[in-house]
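Each chain is listed here by its residues.
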Amino acid sequence: MTKRLLKGLMVTPEGWPEGSSVFRGSMQSYKVLRLCPRFWNEAFMGRLETLSAEKTLYVIRSVAELNSFVPEHISE
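Caption draft 1: Main features of the overall build of the protein. Tallying secondary structure elements over the protein gives 4 helices and 0 strands in all. Each helix and strand of the protein, placed in order from N terminus to C terminus, yields the pattern α-α-α-α. Scaling as 2.2 N^0.38, a compact globule of 76 residues should have a C-alpha radius of gyration of about 11 Å, whereas the protein reaches 17 Å, well beyond that. The proportion of buried residues among the 76 residues of the protein is 11%. By sequence separation, contacts in the protein at least 24 residues apart represent 20% of the contacts at least 6 residues apart. Of the accessible surface of the protein, which amounts to about 6,800 Å², a share of 58% is contributed by carbon and sulfur atoms. Each charge class in the protein was averaged separately, 10 positive and 8 negative side chains, and the resulting centres sit 15 Å apart.

Caption draft 2: Summary view of the packing of aromatic side chains. Throughout the structure, instances matching the rule amount to 2 aromatic pairs. On the basis of an interplanar angle of 50 degrees and a centroid distance of 4.8 Å, the ring pair of W40 and F44 is categorised as tilted. Here the aromatic rings of Y58 and F69 are separated by 4.8 Å at their centres, their planes lie at 65 degrees, and the arrangement is edge-to-face. One end of the pair, Y58, is in the loop between α3 (42-51) and α4 (63-73); the other, F69, is in helix α4, and 11 residues separate them in sequence.

Cut-offs and rules
Residues numbered from 1 in each chain as written. Predicted model: local features only at pLDDT ≥ 70, side-chain atom pairs only at ≥ 80, totals over all residues. Heavy atoms only, no water. Helix = DSSP H or I, 4+ residues; strand = E, 2+ residues; numbered from the N terminus. Rg over C-alpha atoms; globule rule 2.2 N^0.38 Å. Buried < 20%, exposed > 50% of the residue type's maximum accessible area, 1.4 Å probe, protein only. Contact = heavy atoms within 4.5 Å. Areas by Shrake-Rupley, 256 points an atom, 1.4 Å probe, with all protein chains shown as cover. Lys, Arg positive; Asp, Glu negative; His and termini not counted. Charge placed at Lys NZ, Arg CZ, Asp CG, Glu CD. Phe/Tyr/Trp six-rings, centres within 6.5 Å; stacked < 30°, edge-to-face > 60°.

Rendered as structure tokens:
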């Protein structure tokens, strides 16, 4: 986010909505990340697992996991 913010001061990031503030979007992202530890915890994971008893639950924790997940599970 910091990299996007700094680059966005000079050039609008690719795919960024026209007319949207990169600064405000980045600040909102920082606020969300600050709150993540409050709700993304063991109790939350337990609730997700309970709710997904009849579904498949994927928890992607890294870019490497995401990069291997996409080709295996997403078809165009």
